[in-house]
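Structural features, examined
Chain residues, written in single-letter form:
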Amino acid sequence: MKKLICLLICALVLACVVIPARRASAEEEYSGKARILLEASTGQVIFSQNADRRLPIASVTKTMGLLLWAEDLDSGKLSLDEKIKASSYASSAEGSVIWLSSGEEMTAAELLEAVIVSSANDACIALAEHTAGSEAQFVKRMNVRAEELGLSNTRFTNCVGFDDSGHYSSARDIAIVTAELMKHDVFRGWMLTWLDYLRGGKTQLVNTNKLVKNYNGILGGKTGTTDNAGCCLTVCAERGDMRLVAVTLGCEDDDERFSTAKELLDYGFNSFEKFTPETDFTKLKSIPITYGTLDEIKPIIKEQGVECVIKKGRAADVKYEYTFVEGCEAPVKKGQFLGEYLVTLDGAEVFRSEIVSKESVPKMNFWRCAQMIFKEIFN
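A brief structural summary.

**Notes on the packing of aromatic side chains**
The tally for this structure, following the rule as stated, stands at six aromatic pairs. Pairing Phe187 with Trp190 gives two aromatic rings, centres 6.2 Å apart and planes at 25°, and the pair type is stacked. Between Tyr267 and Phe272, the aromatic rings sit 5.4 Å apart at their centres with planes inclined by 80°, giving edge-to-face as the arrangement. Among the aromatic residues, ring-to-ring pairing joins Tyr320, Tyr322, Tyr341 and Phe351 into one connected group.

As structure tokens, then:
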């Protein structure tokens, strides 16, 4: 009996030691290739792992196409009720499809819903051809828009996400595209649609994003799966004033991509909050100027009132640093760099902005000197 009791005690002690260790190593258990959590309105990255690694992204590619079509709808270049005729090329698409036949007509709204809800490749190609003349031309638009958004690890060779050695993106780039797409409300209803039908009920559309059914605050997202890309997902959710984008690429199975995205979103909403850095104007002391029409100039923080994200309940621990140049020589231009404003928490950067000149100060010369003397005399 004594031996049995001792064994039970040892087992309990080992359980207390081993179980927390396994939980602590959850990050190592992630089998995907890359992931990121980004706050959409600030662009601030809350968590990342291999976020800039170039990877195949499967149908997550369609987020860029959807962004372009949202912009086309806003500008009037595309309307939801206009008819689009499917080409033989579009109808030949494989994978997830709505079985478009060559010459079949559908409205832009029907095709867009097919792309958003069930990731239909044939509908995507039909829209691309209609809005750009050909898929190749639409892909050029996609790459131009990627460049405009500053996506340095993205290149498209097709509009649907088929595996290709030259077709890739990164978790960070996808998060940026998703955040941009979510600024447009035009697709919100379809992104939150779980089940719908086309062709008078003959064609069923089932949303590939399982989080639509059960995640509080979900706004939408896009799935993608191919042999090379594995299981990929980008999703966006909003609670209060926080809008988060979670991206996971290269997961081994369907369950992992959704559980990983959910864990990232939960981590963001539970542990972080919006914060606006304060400005101590007494720290913004005048900078001396030599050879100018003024002896000194008042600096200002270039970006003020900008929101950022910090850990919940830590606002009192934020530190502020103001650094300035010792002086400057005229002429000084309005907006010229005069120093730096840095906000940190636990040594990590939270926000950074330049300190700049509030106005221009010209260089002193004979004529300016004479003008100033006469002005003083007459005053």
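Still to come is the rest of the account.
**Here's the deal with unusual backbone geometry**
Looking along the chain, the bond that leaves Ala330 and enters Pro331 is cis, with omega of 5°. Structurally, Pro331 is set in the loop between β16 (328–329) and β17 (337–345). Phi angles above zero are rare outside glycine, and Arg199 is one such case at about 55°. Tracing the chain through its elements places Arg199 in the loop between β5 (195–198) and β6 (203–206).

**Let's talk about the nonpolar core**
Judged by nonpolar contacts, the single largest core of 68 residues is most densely connected at Met64, Trp69, Ile98, Leu111, Cys159 and Phe187. For this core, the leading source of residues is helix α5 (residues 108–118), giving eight residues. Membership of the second largest hydrophobic core comes to 19 residues, among which are Leu37, Ile46, Ala261 and Phe269.

**Some remarks on a nonpolar patch on the surface**
A cluster of nonpolar side chains, contributed by Leu195, Tyr197 and Val206, occupies part of the molecular surface with about 250 Å² of accessible area. Among the structural elements, Val206 can be located in strand β6.

**Considering the environment of Leu68**
Structurally, the position occupied by Leu68 is in helix α3 (residues 62–75). In the structure, Leu68 is positioned 113 residues away from Leu181 in sequence and 8.7 Å away in space, judged by C-alpha atoms. Setting aside residues up to four positions removed in sequence, Leu68 forms contacts with Phe138, Arg141, Met142 and Arg145.

**As for the packing of α3 against helix α8 (residues 171–181)**
One way to put it is that α3 packs onto α8 with a least axis distance of 9 Å and a crossing angle of 30°. By the angle between their directions, the pair α3 and α8 is classed as roughly parallel. Of the two possible hands of crossing, α3 and α8 adopt the one that is left-handed. Along the contact surface, α3 presents Thr63, Met64, Leu66, Leu67 and Ala70, while α8 presents Ile174, Val177, Thr178, Glu180 and Leu181. Here the contact of α3 with α8 is built from residues that sort into seven nonpolar, two polar and one charged.

**Structural notes on the pattern of salt bridges**
Taken as a whole and judged by the stated rule, the model has 17 salt bridges. Between Glu180 and Arg145 there is a salt bridge, and its shortest N-O distance comes to 3.9 Å. Highlighted residues: Glu180 in helix α8 and Arg145 in helix α7 (residues 135–148), separated in sequence by 35 residues. In this pair, the class of Glu180 matches that of Arg145, namely buried. One salt bridge connects Arg257 with Asp254, and the closest N-O pair in it is separated by 2.6 Å. Of the two residues, Arg257 and Asp254 both sit in helix α11 (residues 254–271), three residues apart, roughly one turn of that helix.

**With respect to the sheet that holds strand β12 (residues 296–297)**
An order of β12-β11-β16 is seen for the three strands of this open sheet, with the pairing classed as mixed. Every other strand in the sheet has two partners, leaving β12 and β16 as the edge strands with one partner each. As paired strands, strand β11 (residues 287–290) and β12 are joined by two bridges and run antiparallel to one another. Looking at β12, one finds that Ile287 is bridged to Ile297.

**With respect to helix α6 (residues 121–132)**
Between its first and last C-alpha atoms α6 spans 16 Å; for twelve residues at 1.5 Å apiece the expected length is 16 Å, and the two agree. Where burial is concerned, most of α6 is hidden: nine out of the twelve residues are buried. Asn121, Asp122, Ala123, Cys124, Ile125, Ala126, Leu127, Ala128 and Glu129 are the residues of α6 that are buried. Taken together, the buried residues of α6 touch α3, β3 (83–85), α4 (88–91), α5 and α7.

**Thoughts on the side chain of Thr226**
Mapping Thr226 onto the fold places it in strand β7 (residues 218–226). A relative accessible area of 19% places Thr226 in the buried class. Here Ala229 takes part through its backbone nitrogen, which lies 3.1 Å from a polar atom of the side chain of Thr226. For Thr226, the residues in contact, after removing those within four places along its chain, are Ala58, Gly161 and Asp163.

Calculation notes
- Residues numbered from 1 in each chain as written.
- Predicted model: local features only at pLDDT ≥ 70, side-chain atom pairs only at ≥ 80, totals over all residues.
- Heavy atoms only, no water.
- Phe/Tyr/Trp six-rings, centres within 6.5 Å; stacked < 30°, edge-to-face > 60°.
- Helix = DSSP H or I, 4+ residues; strand = E, 2+ residues; numbered from the N terminus.
- Core = buried A, V, L, I, M, F, W, Y, C linked by side-chain atoms within 4.5 Å.
- Buried < 20%, exposed > 50% of the residue type's maximum accessible area, 1.4 Å probe, protein only.
- Patch = residues over 30% accessible without salt bridge, like charges linked within 9 Å, V, L, I, M, F, W, Y side chains within 5 Å.
- Areas by Shrake-Rupley, 256 points an atom, 1.4 Å probe, with all protein chains shown as cover.
- Salt bridge = Lys/Arg side-chain N within 4 Å of Asp/Glu carboxyl O.
- Contact = heavy atoms within 4.5 Å.
- Axes fitted to C-alpha atoms, helices over the stretch in contact; angles between N-to-C directions.
- Parallel < 35°, antiparallel > 145°, perpendicular 65-115°, else oblique.
- Left-handed = near helix turned anticlockwise from the far one by under 90°.
- Nonpolar A, V, L, I, M, F, W, Y, C, P; charged D, E, K, R; others polar.
- Pairing = 2+ DSSP bridges.
- Expected span 1.5 Å × (residues − 1).
- Polar contact = N/O pair within 3.5 Å; in protein donor to acceptor, adjacent residues only side chain to side chain.

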